[in-house]
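Architecture and fold: a report
In case you want the letters, here they are:
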There are 2 protein chains.
Amino acid sequence: MSRRTPSARPARRRAHAPVFAALGDRTRLALVAKLSEGELYSISQLTQGSRLTRQAITKHLRVLEHAGIVRCMHRGRESLFAFNPEPLYEAKSYLESVSEQWDQSLARLRGFVEERRLT
Amino acid sequence: MSRRTPSARPARRRAHAPVFAALGDRTRLALVAKLSEGELYSISQLTQGSRLTRQAITKHLRVLEHAGIVRCMHRGRESLFAFNPEPLYEAKSYLESVSEQWDQSLARLRGFVEERRLT
DNA sequence: AGAATACGCAACCGACTGGTTGCATAATGC
DNA sequence: GCATTATGCAACCAGTCGGTTGCGTATTCT
């Protein structure tokens, strides 16, 4: 991305919570799964196969777009959506950092529970 | 975990959306960060340093508990919370799978946007 | 030009969320 | 025994969420 744009944005630090919140919905997870296949899909196409209204799907897509997980571009009368992986990379990194922090202090807590016979 | 329990549960397939939803809140992310340090914290301890009420913190902890991210045990009059990494591992794996699917079809989409001059 | 397609905007709705306050109860400390 | 500490439960509230319907508009097709 930053290789393409000459106006290289300084990769603004995004908060993780909104990204996780955007992923905290089955419908949006399904949209992400479909868009991650690499195709461009219009709103109507994404609505087909769903039991929801076009407007419902549109709202979900806007949520994903605000979280940066999806990009929208317009061709003619249709809005095409494309997957954007960066926020998911960052989210994954965050989960990794939390897991690593846990791993480092795991030994300290291991057996602690049984030792103290906690319920 | 499953090593301890003789009634080895078949590691029920958990949906990802609830885990992400539980992480989609700054307060809860802060709680996860603190608990991932490996210490056991009571509700009062977790409330100290926060501007929120004890009940607010309690509600957030219950959300994390239902998502499996946190475990609660009782000692005397206090409720001690411990971090549980499994759901986060699974969430990380899910993000990885989505990213990999994207990577595999990246070449197919690369240049597609510029080629078609989409706005 | 006229019909069909794809979409945006706005209002509306019930349900859920994040947060509070108030009160009751169990466990500890003195 | 009594005060303190730690918590649970329930009610309440404003705001957000997921979803719908209705309508207007731009684009494409024939």
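Keep in mind that this is a model prediction, so the values were computed, not measured.

Calculation rules
- Residues numbered from 1 in each chain as written.
- Chains lettered and ligands numbered in written order.
- Predicted model: local features only at pLDDT ≥ 70, side-chain atom pairs only at ≥ 80, totals over all residues.
- Heavy atoms only, no water.
- Axes fitted to C-alpha atoms, helices over the stretch in contact; angles between N-to-C directions.
- Helix = DSSP H or I, 4+ residues; strand = E, 2+ residues; numbered from the N terminus.
- Parallel < 35°, antiparallel > 145°, perpendicular 65-115°, else oblique.
- Contact = heavy atoms within 4.5 Å.
- Nonpolar A, V, L, I, M, F, W, Y, C, P; charged D, E, K, R; others polar.
- Near = heavy atom within 4 Å.
- Polar contact = N/O pair within 3.5 Å; in protein donor to acceptor, adjacent residues only side chain to side chain.
- Pairing = 2+ DSSP bridges.
- Phe/Tyr/Trp six-rings, centres within 6.5 Å; stacked < 30°, edge-to-face > 60°.
- Buried < 20%, exposed > 50% of the residue type's maximum accessible area, 1.4 Å probe, protein only.
- pLDDT = per-residue confidence, 0-100.

This paragraph deals with the packing of helix α2 (residues 26-35) of chain B against helix α4 (residues 54-66) of chain B. Packed helices, taken two at a time, are described by the angle between their axes plus the distance between the axes. Residues and elements named next belong to chain B. Across the interface, α2 lies against α4 with an axial gap of 10 Å and an inter-helix angle of 75 degrees. In terms of orientation, α2 lies roughly perpendicular with respect to α4. Note on element contacts: α4 touches α2 through Ile-57, His-60, Leu-61, Val-63 and Leu-64, opposite Thr-27, Arg-28, Leu-31, Val-32 and Leu-35. Looking at side-chain class alone, the contact of α2 with α4 contains seven nonpolar, two polar and one charged residues.

Around DNA strand D, a shell composed of 22 residues is seen, among which Thr-53, Lys-59 and His-60 of chain A together with Ser-44 and Arg-62 of chain B lie nearest. At the protein interface, 61% of the atoms of DNA strand D within 4 Å belong to sugar or phosphate. At 2.9 Å, a side-chain N or O of Arg-54 of chain B approaches a base oxygen of DNA strand D. Ser-79 of chain B is positioned with one of its backbone polar atoms (N or O) 3.1 Å from a phosphate oxygen of DNA strand D. Of all elements in the fold, only α4 (54-66) of chain A together with α3 (43-47), α4 and β3 (78-83) of chain B reach the threshold of two or more residues within the surface near DNA strand D.

This paragraph deals with the sheet that holds strand β3 (residues 78-83) of chain A. Residue and element names in this part refer to chain A. Strand order in this open sheet of three strands is β1-β3-β2, and the pairing throughout is antiparallel. Of all the strands in the sheet, just β1 (41-42) and β2 (70-75) have a single pairing partner and so form its edges. Set on the sheet, α4 makes contact with β2 and β3; between it and β2 the angle comes to about 120 degrees.

Right, let's get into the pairing of strand β2 (residues 70-75) of chain B. Residues and elements named next belong to chain B. Inspection of the sheet shows β2 paired to β3 by six bridges, in the antiparallel sense. Bridging across to β3, Arg-71 finds its partner in Ala-82. Count of turn residues in the β2/β3 antiparallel hairpin: two residues, of which Gly-76 carries a positive phi of about 60 degrees.

What follows covers the protein's contact with DNA strand C. Surveying the vicinity of DNA strand C reveals 20 residues, the closest of which are Ser-44 and Arg-62 of chain A together with Thr-53, Lys-59 and His-60 of chain B. Each atom of DNA strand C within 4 Å of the protein belongs either to a base or to sugar and phosphate, the latter forming 59%. At 3.5 Å from a base oxygen of DNA strand C is found a side-chain nitrogen or oxygen belonging to Gln-55 of chain A. The set of elements that each furnish at least two residues to the surface near DNA strand C consists of α3 (43-47), α4 and β3 of chain A together with α4 of chain B. In the surface near DNA strand C, the residues fall into three nonpolar, nine polar and eight charged.

Our next topic: the packing of aromatic side chains. To describe a pair of aromatic rings, one takes the distance between the centres and the angle between the planes. Overall, the coordinates contain five aromatic pairs over all chains when judged by the stated rule. Centroid distance Phe-20 of chain A to Phe-20 of chain B: 6.1 Å. Interplanar angle 15 degrees. Geometry classified as stacked. Of this pair, Phe-20 of chain A sits in helix α1 (residues 16-23) while Phe-20 of chain B sits in helix α1 (residues 16-23), on two different chains. With respect to class, Phe-20 of chain A is no different from Phe-20 of chain B; both count as buried. Taken together, the ring pairs in this structure connect Phe-20 and Tyr-94 of chain A together with Phe-20 and Tyr-94 of chain B into an aromatic cluster.

Our next topic: the side chain of Thr-47 of chain A. As for its placement among the helices and strands, Thr-47 of chain A is situated in helix α3. When sequence neighbours within four positions are dropped, the list of residues in contact with Thr-47 of chain A reads Leu-52, Thr-53, Arg-54 and Ile-57 of chain A.

Below, the discussion takes up the confidence of the model for chain A. Residues of chain A with pLDDT of at least 70 account for 78%, and the chain-wide mean is 86. Every residue in residues 1-5 of chain A is under pLDDT 50, and counting partners more than four places away or in other chains gives five contacts.

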